[in-house]
Amino acid sequence: EASEKEKKKAKQCAETAKDDDDDDKGDDDAKRTTGEEEAVEPLPRREMVSLNVGGKGLTTTRTTLGMCSYFAKLLKHDDLGTLLAKRDDKGAIFVDRNGETFAMVLDYLRDGALPVLDCADSLRRLLTDAEYYGVDELARACEVRLAELQGEDQRPINVTVTLPPPTTKGTSSVVAKTPKDTPEQPPEAAAVARTPLSASAFNNDNF
């Protein structure tokens, strides 16, 4: 009897263990079905950096900011206490620059993509800030794009001008007068004009 009881007990334990395994497997299948994953470990508080650039609030990581020389030096000195960064009333690092332009700089640091800008003025502002923050690759990309835009502006424009047909060679613009255009003279005047004057006509007695 003892032997049968032990066998029966062992069988029950095996069935219980199998049920537990099936439950765990079912939970794993449910997680895969619903897309549920284990919680991602949050970033350390020190890694997160809050910025206030010209009144625009931005949040990023020290790793991202470390890719530009301006913030790499700023954070290093701030950690050492040799040069404390300016902070606003919420504790964010304050930078007195254009926040919208810096947002494009920050996007470039994150993914390396140059913003699509076709305005020369916007590109110049971005170039100025890229040089200020020490992002040399972005500055060079802006210079190349500016040169392309200037080349497009200086591209010659083809203009078609229709000229009148040339005049026939040797044709004079002076119209000769026909005899009809000459005014007619009275017969007396014509006779006087045709009669030659004799020497006696110039006698002193005639004057």
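What counts and how
- Residues numbered from 1 in each chain as written.
- Predicted model: local features only at pLDDT ≥ 70, side-chain atom pairs only at ≥ 80, totals over all residues.
- Heavy atoms only, no water.
- Pairing = 2+ DSSP bridges.
- Helix = DSSP H or I, 4+ residues; strand = E, 2+ residues; numbered from the N terminus.
- Axes fitted to C-alpha atoms, helices over the stretch in contact; angles between N-to-C directions.
- Core = buried A, V, L, I, M, F, W, Y, C linked by side-chain atoms within 4.5 Å.
- Buried < 20%, exposed > 50% of the residue type's maximum accessible area, 1.4 Å probe, protein only.
- Contact = heavy atoms within 4.5 Å.
- Expected span 1.5 Å × (residues − 1).
- Arc of directions from axis to C-beta.
- Phe/Tyr/Trp six-rings, centres within 6.5 Å; stacked < 30°, edge-to-face > 60°.
- Lys NZ or Arg CZ within 6 Å of the ring centre and 35° of its normal.

> Tell me about the sheet that holds strand β3 (residues 93-95), and name the residues and values.
Note on sheets: strands pair through backbone hydrogen bonds, and any given pair is parallel or antiparallel. Strand order in the open sheet formed by three strands is β2-β1-β3, and the pairing between neighbours is mixed. The sheet terminates laterally at β2 (56-61) and β3, the two strands that pair on one side only. With direction set aside, neighbouring strand axes in the sheet form an average angle of 30°. Two strands pair when backbone bridges link them, and strand β1 (residues 48-53) and β3 are joined in this way by three bridges, in the parallel orientation.

> Tell me about the pairing of β1, residues and numbers included.
Every other side chain in a regular strand lies on the same face of the sheet, so the side chains alternate between the two faces. Relative to β2, β1 is paired through six bridges, and the arrangement is antiparallel. From the neighbouring strand, N52 faces β2, where its bridge partner is G57. Once β1 ends, the chain turns through two residues before running back antiparallel as β2, passing G54 with a positive phi of about 60°.

> How would you summarise the nonpolar core if you had to cite specific residues and measurements?
Grouped burial of nonpolar side chains is what soluble globular proteins tend to show. Among the nonpolar cores identified, the biggest contains 29 residues, and L51, F71 and F102 are the most heavily contacted of them. Secondary-structure elements contributing two or more residues to this core are β1, α3 (69-80), β3, α4 (99-111), α5 (120-133) and α6 (136-153). Apart from residues no more than four positions distant in its own chain, L51 is found in contact with K56, G57, L58, T60, L65, F71, A92, I93 and F102.

> Any chance you could break down α3 for me, citing the residues and the numbers?
The end-to-end C-alpha distance of α3, which contains 12 residues, comes to 17 Å, matching closely the 16 Å that a straight helix rising 1.5 Å per residue would cover. For α3, the full list of buried residues reads F71, L74, L75 and D78. The buried residues of α3 all sit within an arc of 95° when viewed along its axis, so they share a single face. Residues K73, K76 and L80 are exposed on α3 and point more than 90 degrees away from its buried face. If you follow the buried residues of α3, they end up packed against β1, α2 (62-65), β3, α4 and α5. One or two positions beyond α3, positive phi appears at G81, with a value near 80°.

> Pulling in residues and values, what's your account of the environment of V53?
Tracing the backbone shows V53 in strand β1. The buried category is assigned to V53, whose relative accessible area is 0%. For the pair formed by V53 and V95, sequence separation is 42 residues and the distance between their alpha carbons is 4.7 Å.

> Explain the environment of L109 to me, using residue names and the numbers behind them.
Mapped onto the elements, L109 comes out in helix α4. The sequence separation of L109 and C68 amounts to 41 residues, and the corresponding C-alpha distance is 7.9 Å. Setting aside its immediate chain neighbours within four residues, L109 contacts T64, M67, C68 and V135.

> Pulling in residues and values, what's your account of the packing of aromatic side chains?
Taken as a whole and judged by the stated rule, the model has seven aromatic pairs. For the ring pair Y70 and Y132, a centre distance of 5.3 Å and an interplane angle of 35° mean the geometry is tilted. Within this pair, whereas Y70 is found in helix α3, its partner Y132 is found in helix α5, the two being separated by 62 residues in sequence. Ring geometry for F71 and Y133: centres 5.8 Å apart, planes at 15°, overall stacked. With a gap of 62 residues between them, F71 in helix α3 and Y133 in helix α5 connect regions that are remote in the sequence. The exposure class assigned to F71 is buried, which follows from its relative accessible area of 0%. The structure contains a cluster of three or more aromatic residues connected by ring pairs, namely Y70, F71, F102, Y132 and Y133. One cation-aromatic arrangement involves R97 over Y132; the distance from NZ or CZ to the ring centre is 3.9 Å.

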